[in-house]
Amino acid sequence: MNYVVYHLHTEQSLLDSCTNYKDYIDKCVQLGQTAIAFTEHGNTYCWVEKKMACDKAGIKYIHGVEIYLTEKLFWEPDEGHPEPYKIRDNYHTILLAKNYEGVKEINRLCYIASQPDHFFYKPRLSFDEFLGISDNVIKISACLASPLNHFRKHYAELVRTKFADIIFHYDYFEIQAHDFDEQREFNKFLLTLSEEMRIPIIAGTDTHSIDQYKAECRTMLQYAKNIDFENEDTFDLTYKSYDELCAMFDEQGLRKDIYLEAIKNTNRMADSVENFELDKSFKYPILYGEDDEKILIETLRQKYIDKVKRGVIDPAKSKEYGDRVKEELQVFHKVGMSGFMLFMSEMISWCWENNIPVGYCRGSVGGSVVAYLSDIIDVDPIVWNTMFSRFCNEHRVEVGDIDVDISPDQRSLVYQYIIDRFGVENTAYILASGTIKDKGVVDEVIRGFRFKWAKEHGVNVQDKKAMEPCPHSLKLADQIKKEFEQDEESAKAKYPDIFYYYDGMINCVITQSQHPAGIIASPVNLIDHYGGFINADGQVVLPINMEEVHEINLIKYDILGLQNVQIIRDTCRLAGIPYPKSH
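The structure reproduced in this document is the subject of the present report. (Residues numbered from 1 in each chain as written. Predicted model: local features only at pLDDT ≥ 70, side-chain atom pairs only at ≥ 80, totals over all residues. Heavy atoms only, no water.)

## Some points on unusual backbone geometry
Next, step 1: A positive phi angle is found at Tyr121, which is not glycine, with a value near 70°.
Next, step 2: Relative to the helices and strands, Tyr121 is located in the loop between helix H3 (100–113) and strand E4 (124–126).
Next, step 3: Backbone geometry at Asn507 places phi at a positive 65°, although glycine is not the residue there.
Next, step 4: Here Asn507 shows up in the loop between helix H22 (502–505) and strand E10 (509–521). (Helix = DSSP H or I, 4+ residues; strand = E, 2+ residues; numbered from the N terminus.)

Below is the structure:
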């Protein structure tokens, strides 16, 4: 017998795990398990690389999320609230994609949940939105933070509310094997509901760590961030084999026939999920449909004539330019880049027309005569004898891109131009994850020990003043980091309590932001196919990182903030002369 782990968190569930997804996949393969789901809190972070790793390992990837639900997005004004207000109920529910349509639906739901009118401490869906989820998505009741556990505790007053409605919308009720009273009571409640409503029971683990050591590191990381989940650090939330899960249910006292049926149902649920393939085709933009190439050629003709008239190009070399253009256009046609080159020409031309100076050229695009003639760059490959094939050739296996240097104070204008041109749901910034580096582990662990001590000695850990680091702890941290920098092994031996956590916390993801320069523009709807969330600045960010973007061949525009462009621009303004530009 075996078991499919479907309720699982990696380090991408920020500050709620120190385990990388690769460790879970390795364990899954080692145990002979056939499928795995990743259900990060609130979004599907880095799901493309998880999917690719599962495919490589020969196991089924199940697309999922642990979403947050709220009874209402806004409550009506009352005596204490003169305006509509939000309540922090934020119940947990597992969503798994049954097929690719379900993948797109979950991606869309995560995007909706992150909208400002939905977000309240966490990205959330309303009960009404949950009730609208289709059969392409498997809906599971989740852990003790489930709305059904709240319903259990307040059955009499909630029986005629939306809580009663959502019970019928679940496909499975999730029992867990944790050995304490509330979990046992919740399991009994779910078993009763299952029998009355003929909704099957499945077995969830709410896995947060690959093993006990990583579980201890998780607890220390949470202490370092002043996160306290009461007694949750006493739960066994480590990855379980079939035998280990059965042993946990035995210890809990659940009848064997019940939990064995729940495990069978879990495997049946996983078997019902359809596999899908990632689309790795080049996703170059399409501006005017089939006319992109024709318009690009006309753009080149007009700009070439203009350059000849202005004396920028020697007309005696017209054949050489013509031959190079013909060769390049054939390659762009074969790889589908015509629309991309046309857009870059239009974007750079728009920049100059709107007094936004652009750097002359960066990288291999300096070998393209088409890029020069269409004003994308200001370096003439005929003059400088640069090579086109480094920028693009028909055998290339990666999408082409062009880095653009813009004054830092004007980058946002260019980003907005791209968004306006392609649409909000076809453009997005790129996820970037921040990790703990070597000496940062020392700081985190010392903060964690301070929190642990305060908790054990009755100090109010929510009192910011009481939890401020004392001079001694700051001095100790500096001393340990200095010794570690001088001799790592000696420092580890001298401070074993601190460095016990080192291997388990180093390079752990603790923050999520966005790539500092790149933005994606796509001919396909990014939200549906890849997901997205709204960050604190109101920008749409993909839940996948730069490496994933390359793997699925999305087109990235790097708008680099080069200070030199700003300095030259401002100097020219003061001198009353135009920004220097040969073409």
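## Comments concerning the packing of helix H12 (residues 292–309) against helix H14 (residues 338–353)
Next, step 1: It is the contact of H12 with H14, at a shortest axis distance of 9 Å, that shows an interaxial angle of 45°. Overall, the two elements H12 and H14 adopt an arrangement that is oblique. In this structure, the crossing between H12 and H14 has a hand that is left-handed. Residues Asp292, Glu293, Ile295, Leu296, Thr299 and Lys303 of H12 lie in contact with H14, whose contacting residues are Ser338, Gly339, Met341, Leu342, Ser345 and Ser349.
Next, step 2: Of the residues in the contact of H12 with H14, the class split is four nonpolar, five polar and three charged. (Axes fitted to C-alpha atoms, helices over the stretch in contact; angles between N-to-C directions. Parallel < 35°, antiparallel > 145°, perpendicular 65-115°, else oblique. Left-handed = near helix turned anticlockwise from the far one by under 90°. Contact = heavy atoms within 4.5 Å. Nonpolar A, V, L, I, M, F, W, Y, C, P; charged D, E, K, R; others polar.)

## Notes on the packing of aromatic side chains
Next, step 1: This model, assessed by the stated rule, comprises 37 aromatic pairs.
Next, step 2: With a centroid separation of 5.7 Å and an interplanar angle of 50°, the aromatic rings of Tyr284 and Phe340 are classed as tilted. Of this pair, Tyr284 sits in the loop between helix H11 (256–271) and H12 while Phe340 sits in helix H14, placing them 56 residues apart in sequence.
Next, step 3: Summarising the aromatic geometry, the rings of Phe484 and Phe499 are spaced 5.3 Å apart at their centres and angled 20° between planes, so their arrangement reads as stacked. With a gap of 15 residues between them, Phe484 in helix H19 (residues 471–486) and Phe499 in helix H21 (residues 496–499) connect regions that are remote in the sequence. (Phe/Tyr/Trp six-rings, centres within 6.5 Å; stacked < 30°, edge-to-face > 60°.)

## Side note on the side chain of Lys240
Next, step 1: Locating Lys240 in the fold gives a position in the loop between helix H9 (212–224) and helix H10 (242–252).
Next, step 2: Among the polar contacts made by the side chain of Lys240, one reaches the side chain of Asp236 at a distance of 2.6 Å.
Next, step 3: Here Thr238 takes part through its side chain, which lies 3.0 Å from a polar atom of the side chain of Lys240. (Polar contact = N/O pair within 3.5 Å; in protein donor to acceptor, adjacent residues only side chain to side chain.)

## Some points on the sheet that holds strand E9 (residues 427–435)
Next, step 1: Here six strands make up an open sheet; going across it, the order is E8-E13-E10-E9-E12-E11 and the pairing mixed. Each having just a single partner strand, strand E8 (403–406) and strand E11 (533–534) make up the two edges of the open sheet.
Next, step 2: Pairing geometry for E11 and strand E12 (residues 540–545), over two bridges, is antiparallel. From the neighbouring strand, Phe533 faces E12, where its bridge partner is Val541.
Next, step 3: Helix-sheet contacts for helix H17 (residues 411–422) involve E8, E9, E10 and strand E13 (556–561), and the interaxial angle to E10 is about 70°. (Pairing = 2+ DSSP bridges.)

## Comments concerning H14
Next, step 1: Over its 16 residues, H14 extends 23 Å from the first C-alpha to the last, a length consistent with the 22 Å expected when each residue adds 1.5 Å.
Next, step 2: In terms of burial, H14 is largely enclosed, as 12 of its 16 residues are buried.
Next, step 3: Contact partners of the buried residues in H14: H12, helix H13 (318–335), helix H15 (369–373), E8, H17 and E13.
Next, step 4: Trailing H14 by a residue or two, Asn355 shows a phi angle of about 60°, which is positive. (Expected span 1.5 Å × (residues − 1). Buried < 20%, exposed > 50% of the residue type's maximum accessible area, 1.4 Å probe, protein only.)

## Describing the pattern of salt bridges
Next, step 1: This model, assessed by the stated rule, comprises 39 salt bridges.
Next, step 2: Taking the shortest distance from any N to any O, the salt bridge between Asp528 and Arg108 comes out at 3.0 Å. In this pair, Asp528 sits in helix H23 (residues 526–530) while Arg108 sits in helix H3, placing the two residues 420 residues apart along the sequence.
Next, step 3: With relative accessibility at 21%, the residue Arg108 sits in the partly exposed group.
Next, step 4: Residue Arg569 pairs with Asp409 through a salt bridge whose shortest N-O separation is 3.0 Å. A residue pair is termed long-range when its members are at least 10 positions apart, and Arg569 in helix H25 (residues 563–575) and Asp409 in the loop between E8 and H17 qualify at 160 residues.
Next, step 5: Residue classification places Arg569 among the buried residues on the basis of a relative accessible area of 5%. (Salt bridge = Lys/Arg side-chain N within 4 Å of Asp/Glu carboxyl O.)

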